[in-house]
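# Architecture and fold: a report
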Amino acid sequence: GATVFFETETEKPDAKVRWQSNTKDLVSGDKYVIKANGNKHSLTIQAVTKEDGTAYAVIAGGSKVKFDLKVKEKVMEEVKLEVKEEVKKKEGGSLLESQAPDTKTDLTGLFTEKPQSGEVAVGENINFVAKVNAASLLKKPTIKWFKGKWMDLASKSGKNLQLKELYDRNSKVYTFEMQIIAAKPSFAGAYRCEVSSRDKFDSCNFDLTVHGGSVDGSEEAGELDFSALLKKSEPDEDVWEILQKAKASEYEKIAFQYGITDLRGMLKRLKKMKKEEKKSEAFLKKLDPAYQVEKGHKMKLCIEVANEDVDVKWLKNGQEIQSTGRYIFESVGNKRYLTINHCSLSDDATYTCVVGEEKCTTELFVKEPPVTITSNLEDQMVMKGERVELECEVSEEGATVKWEKDGVELTRDESFKYRFKKDGRKHVLIINEATKEDCGHYTVKTNGGESMAELMVSEKELEVYQNIADLTVKAKDEAVFKCEVSDETVKGIWYKNGVEVKADTRTHITHIGRIHKLTIDDVKPEDQGDYTFVPEGYAFNLSAKLNFLEVKIDYVPRQDPPKIHLDCMGHTADSTIVVVAGNKLRLDVPITGDPAPTVVWTKGEKVKLLVFLISHAGLHIAFIPILAAQNQILCEHGRLHVESTKGHCIFTIEGADKQDEGLYSVIVRNPAGEDKADINVKVVDPPSAPRILSVGEDSCVVQWDPPKSDGGNPIIGYVLERKKKKSYRWMRLNFDPYTDTTYEAKRMIEGVEYEMRVYAVNAIGMSCHSAASQPFIPVAPTSEPIGLCVDDISDTTISLKWRTPEHLGSSELDGYGVEYCKEGSDEWVPAFEGLTERTSVIIRDLPTGEKMQFRVRAYNMAGPSAPTSLAQAVTIREIMQKPKIWIPRNLRQTLIKKVEETINLVIPFQGKPRPVITWSKDGEPLNPKQVSVRNSDTDTILFIRKSERKDSGKYEVKLQIENVEDTASISIQIVDLPGSPEKLKIMDVWGFNVALEWKPPKDNGNCEITGYMVQKADKKTMEWYTVYELYRRTNCVVADLIMGNEYIFRIYAVNMVGLSLEPSLHLFICSSGFEYKPPTYKEHDFSEAPKFTHPLVSRSVIAGYNATLSCSVRGIPKPKVTWYKNKMDISNEAKYRMFSKQGVLTLEIRKPCSFDGGVYMCKAVNASGEDAVECKLEIRRKYP
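By the naming in an unreviewed UniProt entry, the protein chain goes by Myosin-binding protein C, cardiac-type and is assigned to Hucho hucho.

Turning our eyes to something else, we now look at the overall build of the protein chain. Helix and strand content of the protein chain: four helices and 93 strands. The burial tally for the protein chain puts 38% of its 1184 residues in the buried class. Within the protein chain, residue pairs in contact and separated by at least 24 positions form 62% of the contacts whose partners lie at least 6 positions apart. Accessible surface for the protein chain amounts to roughly 69500 Å². Of this, 48% is attributable to carbon and sulfur atoms.

Time to look at the pairing of strand E60 (residues 786-793). Sheet topology note: the E60/strand E61 (residues 798-803) ladder contains five bridges and is antiparallel. Directly across from Ile-786, in E61, lies its bridge partner Arg-803. Counting the residues in the hairpin turn of E60 and E61 gives four residues.

Another point: the sheet that holds strand E69 (residues 881-885). Here we have four strands laid out as an open sheet, ordered E69-E71-E75-E74, and antiparallel in their pairing. In this open sheet, the two strands that pair with only one neighbour each are E69 and strand E74 (932-935). Adjacent strand axes in the sheet meet at a mean angle of 20° when their direction is disregarded. Two elements, strand E71 (residues 903-912) and strand E75 (residues 939-944), share six bridges in a ladder whose sense is antiparallel.

Positive charge collects at one region of the surface, where Arg-889, Arg-892, Arg-1099 and Arg-1180 lie side by side. Residue position: Arg-889 is located in the loop between E69 and strand E70 (895-898). Accessibility expressed as a relative area gives 39% for Arg-889, which makes it partly exposed.

This brings us to the nonpolar core. Judged by nonpolar contacts, the single largest core of 26 residues is most densely connected at Phe-128, Trp-145, Met-178, Ile-180, Tyr-191 and Leu-208. Elements with a contribution of two residues or more to this core: strand E11 (126-133), strand E12 (142-147), strand E15 (173-180), strand E16 (189-197) and strand E17 (200-211). For Leu-208, the residues in contact, after removing those within four places along its chain, are Gly-118, Val-120, Ile-126, Phe-128, Ile-180, Phe-187, Ala-188, Gly-189 and Tyr-191. In this structure, Val-579, Val-599, Val-642 and Tyr-664 belong to the second largest nonpolar core, which totals 23 residues.

Turning next to unusual backbone geometry. Between Lys-912 and Pro-913 the backbone carries a cis peptide bond, its omega angle lying at -10°. Secondary-structure assignment places Pro-913 in the loop between E71 and strand E72 (916-921). Cis rather than trans, the peptide bond between Ile-1116 and Pro-1117 has omega equal to -5°. Residue placement: Pro-1117 occurs in the loop between strand E87 (1107-1116) and strand E88 (1120-1125). A positive phi angle, near 55°, is found at Asp-406, a position not held by glycine.

Right, let's talk about the packing of aromatic side chains for a bit. Given two aromatic rings, one states the distance between the centres and the angle between the planes to describe the pair. Inspection of every chain in the model, using the stated rule, returns 22 aromatic pairs. Between Trp-998 and Tyr-1012, the aromatic rings sit 5.6 Å apart at their centres with planes inclined by 70°, giving edge-to-face as the arrangement. In this pair, Trp-998 sits in strand E79 (residues 993-999) while Tyr-1012 sits in strand E80 (residues 1009-1018), placing the two residues 14 residues apart along the sequence. Measuring from ring centre to ring centre gives 6.5 Å for Tyr-1047 and Phe-1049, while their planes differ by 25°; the resulting arrangement is stacked.

For Glu-1148, the position within the fold is in strand E91 (residues 1144-1149). On the basis of relative accessible area, Glu-1148 is assigned to the buried category, the value being 11%. Among the polar contacts listed, one links the side chain of Glu-1148 to the side chain of Asn-1106, at a separation of 3.3 Å. Contacts of Glu-1148, omitting those with residues within four sequence positions, involve Asn-1106, Ala-1107, Thr-1108, Lys-1135, Tyr-1136, Arg-1137 and Phe-1139.

Right, let's get into the environment of Pro-805. You can see Pro-805 is positioned in the loop between E61 and strand E62 (815-822). Linking Pro-805 and Ile-786, residues 19 residues apart in sequence, is a C-alpha distance of 5.9 Å. Every residue in contact with Pro-805, bar those within four places of it in the chain, is listed here: Thr-782, Ser-783, Glu-784, Pro-785, Tyr-816 and Ala-858.

Pairing in this open sheet of four strands is antiparallel, and the strands run E27-E29-E33-E32 from one edge to the other. Here the strands that pair on one side only, and so sit at the sheet edges, are strand E27 (373-375) and strand E32 (418-423). The mean angle between the axes of side-by-side strands here comes to 30°, regardless of whether they run parallel or antiparallel. As defined by bridge partners, E32 adjoins strand E33 (residues 426-431) across six bridges and the pair is classed as antiparallel. Its bridge partner being in E33, Lys-422 is matched across the sheet by His-427.

The tally for this structure, following the rule as stated, stands at 38 salt bridges. Salt-bridge contacts for Arg-387 lead to Glu-389; the nearest nitrogen and oxygen are separated by 2.9 Å. Here Lys-1135 makes a salt bridge to Asp-1156, at a shortest N to O gap of 3.5 Å. Placement of Lys-1135 in the loop between strand E89 (1128-1129) and strand E90 (1136-1141) and of Asp-1156 in the loop between E91 and strand E92 (1158-1166) is noted, with a sequence separation of 21 residues between them. Salt bridges sharing common partners tie together Lys-316, Arg-326 and Asp-347.

Tallying each qualifying case throughout the model produces zero disulfides. Of the cysteine sulfurs around Cys-1162, a residue in no disulfide, the closest is that of Cys-1111, at 4.0 Å.

Along the chain, Ala-1053 falls in strand E83 (residues 1046-1055). Residue Ala-1053 is classed as buried on the basis of its relative accessible area, which comes to 0%. In this structure Ala-1053 touches Pro-978, Gly-979, Pro-981, Pro-1001, Gly-1011, Tyr-1012, Gly-1058, Leu-1059 and Ser-1060, once residues within four positions along its chain are discounted.

Time to look at the pairing of E71. With three bridges joining them, E69 and E71 adopt antiparallel strand pairing. By the bridge assignment, Lys-884 is partnered in E71 with Gln-910.

Rules and cut-offs
- Residues numbered from 1 in each chain as written.
- Predicted model: local features only at pLDDT ≥ 70, side-chain atom pairs only at ≥ 80, totals over all residues.
- Heavy atoms only, no water.
- Helix = DSSP H or I, 4+ residues; strand = E, 2+ residues; numbered from the N terminus.
- Buried < 20%, exposed > 50% of the residue type's maximum accessible area, 1.4 Å probe, protein only.
- Contact = heavy atoms within 4.5 Å.
- Areas by Shrake-Rupley, 256 points an atom, 1.4 Å probe, with all protein chains shown as cover.
- Pairing = 2+ DSSP bridges.
- Axes fitted to C-alpha atoms, helices over the stretch in contact; angles between N-to-C directions.
- Patch = residues over 30% accessible without salt bridge, like charges linked within 9 Å, V, L, I, M, F, W, Y side chains within 5 Å.
- Salt bridge = Lys/Arg side-chain N within 4 Å of Asp/Glu carboxyl O.
- Lys, Arg positive; Asp, Glu negative; His and termini not counted.
- Charge placed at Lys NZ, Arg CZ, Asp CG, Glu CD.
- Core = buried A, V, L, I, M, F, W, Y, C linked by side-chain atoms within 4.5 Å.
- Phe/Tyr/Trp six-rings, centres within 6.5 Å; stacked < 30°, edge-to-face > 60°.
- Polar contact = N/O pair within 3.5 Å; in protein donor to acceptor, adjacent residues only side chain to side chain.
- Disulfide = S-S within 2.5 Å.

This is how it looks when you write it as structure tokens:
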């Protein structure tokens, strides 16, 4: 029942403003009152009802502002909302967008019910509900719940957080609930709910307040660490067994119940488990199902066989392949290769490798190289009805191409409008008679490229430059009707009194260029009448009348004085002839006289004529006598050309230029007298070369200067032409003269290089063209950079980063410009001079505590893009960050290095402001002469150039920021070669054998002695033979000695570094007289069932980093070990590697993902029994 008043302001008072409700325009009436007063515009809604509570918008130019109206019952007071904003000009005035909430994009109103802010006491529960109407959505909406700005709560669901989703099929409304259970003080803060469906998006912010508790001061307000609070317990049931037993219709229900995210991947693995492929006995590795190779390249097929000595056969489409220059067979160990050189289309076949009774097959696909366009299409401009041929050339003969017009494929239809022609590598599109409908962009496409050209069809009106005039002639005289039209190709028909005139001996019809002539010799009385010229194809005619003058002349032999009859064609009233620079200057002077007169041409003074004739004709006379001989050329040299015909003298200069301007005089003389005429000649200059002022995506703005001389007639306009840089065909852009000296050329192709030129036009005609402009390329500015965000911040600096624009266009990106301003100000200051090519920047020397706004623009040759700004202003103040040391994985165990090796430990950390870093060894400060430490803002480095045994120990690093600190320790072990074994002695001798015994070395090299090397040598030869290479005991028996020979024994100690430097030696003479009687022992049963001495340990690892599980087992005989994941054998999986070394079993999982989590089991089996151990592996996300 209330009245609602909305008001907005525009920058211009004459801006047109539209008001909308639910995207429908509102019209002023009883219900809605729309008013405009200067730059203020208002909308008044009378007697508001519940139906009026909806979304509204106000639009001015290209700017749009949205707002909502909520209607409550029993509200009687008037609501007045003012929308006041500064507006920027957008085609006659536009609005600036109002400051909207912190959302990603313009809201579209997907929510029918938004979650509201709430309060809860510690330990109680609270629900937040959001509803979305899906009636108009093509896809199910996706919802996300956030805490703060970035923390996604989807992965935090557990005992303290529950996310639910309900769908009502009748109302088609989705209900999303977020329930917080047993609220804690740290749960308080700002929350956000986002919903999206394809290109639609909506967002809502709300707050949670928790009463009855306090948040630890070390935590930042609004930041909640759910990692320890909200964990989802693992199900005890085996999901693989449940899926194997379940029906297909129950898969989705099981996935929802047990939190399976990759159901499709598990079903694929399950299907593979059900269909276990029988292992091949002959092949260790078979061919892949298919291979692909490009034509002309080499292909190598490889298989691995179980038996290295077996022979294989290669078949192509069932036929055995013989070894030739193109087919090469190779055998390397258990690998067999087939190499195919220079693959052709005939090699596209099925290949089979046969080993005994088994075989494996593959398909080889030979891919032809793409067909490229070597000669592009050319832009064309034609007149209506002309034939058009668009021609291109491709890289291969007989290739298939596709023609399109404005994106629509062209076909040979029934009307045969388009014809397609192939000639080798040339392809031609032919349009017999072009019409206005044929205008557009034509594209020819191959599988390796495309070329585009524009066709313009114009309908040009025929202009009459010279009309035919009425004639009055005497008997025996010549009558000449002459007209000039604008089109040289137009033909015409002459009529006399409505009857077509035919050419005969007296009547001559000529058509030279734009001039049409009808000449009648020896005029008779019957030639009198109305003569008409009708151009073909045009609905108009030119008419004139021929009058016959009867004169009776008595024959009296006498002399006629010479007479000059100047033709009025092409000159002004003051006998001035205008010629365009570069065109031909032709002075056609009719003369009479009896006897034939002599003609003299001069330019200016006669002295000047001499200079003129010498410089132009190379003549050494001051005048040129002309005899009136029929069709006789009397002078022709250089650009000067003089010709005499019956009754005419023609003076021609080829390619007139500015120096040919002046006053020309012609004098005719005979005995009866003389006559003289002056002809003033002016030369019109072409305009200056056009300048390109700016370029757009498919257009450019060009400007030029008028010509220096207008030839005596004012310039009425200009004609412009353009062409592609690599083309020779110029295309006219306008037919009617364009009066301004600035022109916007459109419909160009982005990324193609063009040139422009200009003609000047006056009443006489067109000048020659100007010089071509500088080449230019139409380009558009890039789209705005995306993803602008704050990477780091301190008291005086801020670090920003962003991503490249989605649309770069055809021009290279020149760089980025960054600007900032204080909140509430519109004065943007560049952050640095010039541009940066990086997508991140650090801005320094900012005022501490000030709220600043930042924006980034992308620049290319077309100029700057639209700016992208931060969602809200940023306060320049450093945020304290707890110190945290990140020990690399390889340093979490003891680091072992050899003596004199370099030690370089890089320990990354985090913390703000920069923490104080302290290193110590075994609780004592480091010796700076032996150990160097270098620190930065993000890591600390411990460096020892040459390590020594004394450098072994436990190193500790401590970070401290104010009262908060973090410590970590690293163990370093420096190892060296061991010392020599001690007290080598002979314990017993019998037969050809001797028993030796020794003691371990005093110095083990700071690591475990892994064994001993026992060697013997005959003293005669002194050649040493190794008896035992890696012997672990300190006593041994050396056999196979020779009686009476003298032997030397030596023993080396071995550790992980190598052999000891010096051995332990002993000399011994093997003599006769000893007989060894071996004692008798009762045979002992050493068999033992497998038993794990060290079990598997459950682990939690980060996704993307290799993980290992280890255990140890003993058993006699050596047990067979099998690894399982979720009770499935993974021995043959390529993702896992199994190791066994001296009873220690290791399983390596390469770059695990969330799917690799589960229960792992190791099982050992031998003849005496079996044993098994298992553990759980949890995979955590790489980023929280």
